[in-house]
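If you want the building blocks of each chain, they are given just below.
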Amino acid sequence: MMSKKNVTKVILDETEIPRQWYNIVADMPNKPAPYYSPMTGKIATADDMAAIFPKEIIEQEMTSERFIDIPDEVREMYAQWRPSPLYRAKGLEKVLDTPARIYYKYEGTNATGSHKLNSSIPQAYYNKNAGIKRLSTETGAGQWGSALSLASNHFGMECTVYMVNVSYQQKPYRRSFMHTFGANVIASPSNLTNSGRSILEKDPECSGSLGIAISEAVEDAATHSDTNYALGSVLNHVCLHQTIIGQEAKKQLEMIDEYPDVVFACCGGGSNFAGAAFPFLMDRFKGKKVRAVAVEPTACPTLTKGVFAYDYGDTAKAAPIAKMYTLGHDFIPEGIHAGGLRYHGASSIVSQLYNDGIIEAQSCGQKEVFDAAVTFARAEGIVPAPESSHAIRAAIDEALKAKEEGREQVILFNLSGHGYFDFSAYDSYFGGKLENIHYDEQAVKASIANLPDIKG
Ligand SMILES: *Cc1c(COP(=O)(O)O)cnc(C)c1O
């Protein structure tokens, strides 16, 4: 066994890539509430979802089997960069002068630079097997669009990405990345869909939102029989695919005789949090003491300030209606730099766990998030994504608390991606232009007044 005193990183052999995904639904005391169909207004059936998803994905969405086999073709593709490394943040511990031991799992080592490839690969694979020729999707910050472009190209499918207009303008190199993998990238709202056109009629300069881009991508898939839709977060099957992160991390920590007291991950729709935390929660359900904390921006505080209720997943009310913590589907968060965390809702599973007190949530402002990002970059030599830096902020605060109280603690956080496409955000920070943005309470109140009338 390696000594935990000296370890800098723990690398596993590719034969140790997990063979199954862990489905936390099997162990939840209260199961996530069923989706409702926006078409029928009733509980969504597999048939309702068949217009936009392949059979295997719908099954994974609804199953309560504890473990789901990972197909060989998917594991083979995972092997290009998995198992991902687990690092001990020795440099950061030194800067903080803390008695805590801080570890991070780094999901930025693949070409697309984030954890999202973990789910785009199986989603493309199942669609390819179902005879689908093209995938449509939305992208906010560009990471999901990049991940689905690469996976679609690998399995010989076309890919259409509706990219939120503000990011389309701000992140041209994310666009170039998707073009490199053959995707068709469209600024959203666009003239290509009814939902896009109706928004442009009212506001020709509309800068777009994730909710609008989802509406366009879902409409595209629903109106073309050879096209399906793929979503990069929120849904149960996406959370499921991400659980390879936590399974690997557990094995890596075991190799150095460690177990975390607390796991942090940032939370947009909830998928990287799910991926990092759920395999540890599996132990918690068996009595082990471990905390899991989701960290979100103060500009879009879904778990900490939202309501737990049924809501639409998108602006045009075309996607399944889910019971989740939500700020309301009309709420458009400010254009903070952590674009991947600007979604009005959260995964039903993560929401149910939060409501049941099994997980915790915190929020932080983007200025202190970038303080943490720069401290981390200088100490560890990796420039983190603005999204991931929320988890870094929370881990640093926890380590400082441990120092104050003079106690040892083992902290794990998920570094969901790198920030090498995000230097314009870093430039704003260094130029003193970043402000802490708090959500608009009145706008959320107004938006929550428009929730669908489903009790459940
Ligand atoms: C998309 C993204 C997120 C947020 O999505 P989740 O589904 O909540 O994980 C976080 N970090 C990075 C790097 C992302 O690309």
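Residues numbered from 1 in each chain as written. Predicted model: local features only at pLDDT ≥ 70, side-chain atom pairs only at ≥ 80, totals over all residues. Heavy atoms only, no water.

Visitor: Lay out the overall build of the chain in plain terms, naming residues and giving numbers.
Guide: The number of helices and strands found in the chain is 19 helices and 15 strands. In terms of overall size, the chain behaves like a compact globule, its C-alpha atoms giving a radius of gyration of 20 Å where 456 residues would be expected to give roughly 23 Å. Considering only C-alpha atoms, the chain reaches an extent of 60 × 50 × 45 Å along its principal axes. Residue burial in the chain is summarised as follows: out of 456 residues, 63% are buried. For the chain, the exposed surface amounts to about 17300 Å²; the carbon and sulfur share of it is 48%. Side chains of the chain give 44 positive and 54 negative charges; the mean places of these two sets differ by 4 Å. (Helix = DSSP H or I, 4+ residues; strand = E, 2+ residues; numbered from the N terminus. Rg over C-alpha atoms; globule rule 2.2 N^0.38 Å. Buried < 20%, exposed > 50% of the residue type's maximum accessible area, 1.4 Å probe, protein only. Areas by Shrake-Rupley, 256 points an atom, 1.4 Å probe, with all protein chains shown as cover. Lys, Arg positive; Asp, Glu negative; His and termini not counted. Charge placed at Lys NZ, Arg CZ, Asp CG, Glu CD.)

Visitor: Describe in detail the site of the ligand, supporting the description with residues and values.
Guide: In the vicinity of the ligand there are 19 residues, among which Lys-116, Ser-233, Gly-268, Ser-271 and Ser-416 approach most closely. Within the contact set of the ligand, an oxygen atom lies 2.5 Å away from a side-chain nitrogen or oxygen of Ser-233. The contact in question runs from an oxygen atom of the ligand to an N or O atom on the backbone of Gly-269, over 3.1 Å. Taking 380 Å² as the accessible area of the ligand by itself, protein coverage stands at 98%. Judged by the proximity of its atoms to the pocket grid, the ligand belongs to the largest cavity. In terms of residue class, the shell around the ligand is made up of 4 nonpolar, 13 polar and 2 charged. (Near = heavy atom within 4 Å. Polar contact = N/O pair within 3.5 Å; in protein donor to acceptor, adjacent residues only side chain to side chain. 1 Å grid on protein atoms, 1.4 Å probe; cavity = no way out; pocket = protein on both sides within 12 Å on 5 of 7 lines; lining within 4 Å. Sits in = over half its atoms within 2 Å of the grid points. Nonpolar A, V, L, I, M, F, W, Y, C, P; charged D, E, K, R; others polar.)

Visitor: Explain the packing of helix H16 (residues 366-380) against helix H17 (residues 389-405) residue by residue, including any values.
Guide: One way to put it is that H16 packs onto H17 with a least axis distance of 8 Å and a crossing angle of 85 degrees. Judged by the angle between their axes, H16 and H17 are roughly perpendicular. Contacts from Glu-368, Val-369, Asp-371, Ala-372, Ala-373 and Phe-376 of H16 reach H17 at Ser-389, His-390, Ile-392, Arg-393 and Ile-396. In terms of residue class, the contact of H16 with H17 is made up of 6 nonpolar, 2 polar and 3 charged. (Axes fitted to C-alpha atoms, helices over the stretch in contact; angles between N-to-C directions. Parallel < 35°, antiparallel > 145°, perpendicular 65-115°, else oblique. Contact = heavy atoms within 4.5 Å.)

Visitor: Mind laying out the nonpolar core, listing which residues take part and the relevant values?
Guide: Counting residues in hydrophobic clusters, the biggest one holds 58 residues, and the most contacted among them are Trp-21, Phe-53, Val-74, Tyr-78, Ile-121, Ile-214 and Tyr-229. Among the elements that make up this core, the one with the highest residue count is helix H10 (residues 210-222) (6 residues). Apart from residues no more than four positions distant in its own chain, Tyr-229 is found in contact with Ile-52, Phe-53, Ser-136, Thr-137, Glu-138, Ile-214, Ala-217, Val-218 and Ala-221. (Core = buried A, V, L, I, M, F, W, Y, C linked by side-chain atoms within 4.5 Å.)

Visitor: Report on the UniProt feature "modified residue: N6-(pyridoxal phosphate)lysine" (unreviewed entry) in the chain, specifying residues and quantitative values.
Guide: Under the UniProt annotation, "modified residue: N6-(pyridoxal phosphate)lysine" (unreviewed entry) lies at Lys-116. For Lys-116, a relative accessible area of 15% translates into the label buried. Once you skip the residues sitting within four places of it in the chain, Lys-116 turns out to touch Gln-143, Trp-144, Ala-147, Gly-232 and Gln-242. (UniProt positions renumbered as here; feature names shortened; annotations may be inferred.)

Visitor: If you had to explain the side chain of Asn-228 to someone new, which residues and values would you point to?
Guide: Residue position: Asn-228 is located in strand E9 (residues 227-229). Polar side-chain contacts of Asn-228 include one of 2.7 Å to the side chain of Asn-127. Filtering out sequence-adjacent residues up to four positions away, Asn-228 remains in contact with Ala-51, Ile-52, Phe-53, Pro-54, Asn-127, Ile-132, Arg-134, Leu-135, Ser-136 and Ala-221.

Visitor: So what's going on with the pairing of strand E10 (residues 262-266)? Residues and values would help.
Guide: Regular strands have side chains that alternate between both faces of the sheet. When you tally the buried positions in E10, you get 5 out of 5 residues, the bulk of the element. Here E10 pairs with strand E11 (residues 291-297) via 5 bridges, running parallel. Looking at the pairing, Val-263 lines up with Ala-292 of E11. (Pairing = 2+ DSSP bridges.)

Visitor: For helix H6 (residues 143-154), give the residues involved together with the corresponding values.
Guide: With 12 residues, H6 extends 17 Å between its outermost C-alpha atoms, agreeing within 8% with the 16 Å of an ideal straight helix rising 1.5 Å per residue. Counting buried positions over the 12 residues of H6 gives 10, a clear majority of the element. Every buried residue of H6 is listed here: Gln-143, Trp-144, Gly-145, Ser-146, Ala-147, Leu-148, Ser-149, Leu-150, Ala-151 and Ser-152. Buried residues along H6 sit against helix H3 (72-78), helix H5 (117-129), strand E6 (134-139), strand E7 (158-164) and helix H8 (172-180). (Expected span 1.5 Å × (residues − 1).)

Visitor: Give a detailed account of the UniProt feature "domain: Tryptophan synthase beta chain-like PALP" (unreviewed entry) in the chain, specifying residues and quantitative values.
Guide: UniProt annotation of "domain: Tryptophan synthase beta chain-like PALP" (unreviewed entry) refers to residues 81-417 when read in the numbering used here. Helix makes up 44% of residues 81-417 and strand 19%, and the two end C-alpha atoms of the span are 13 Å apart.

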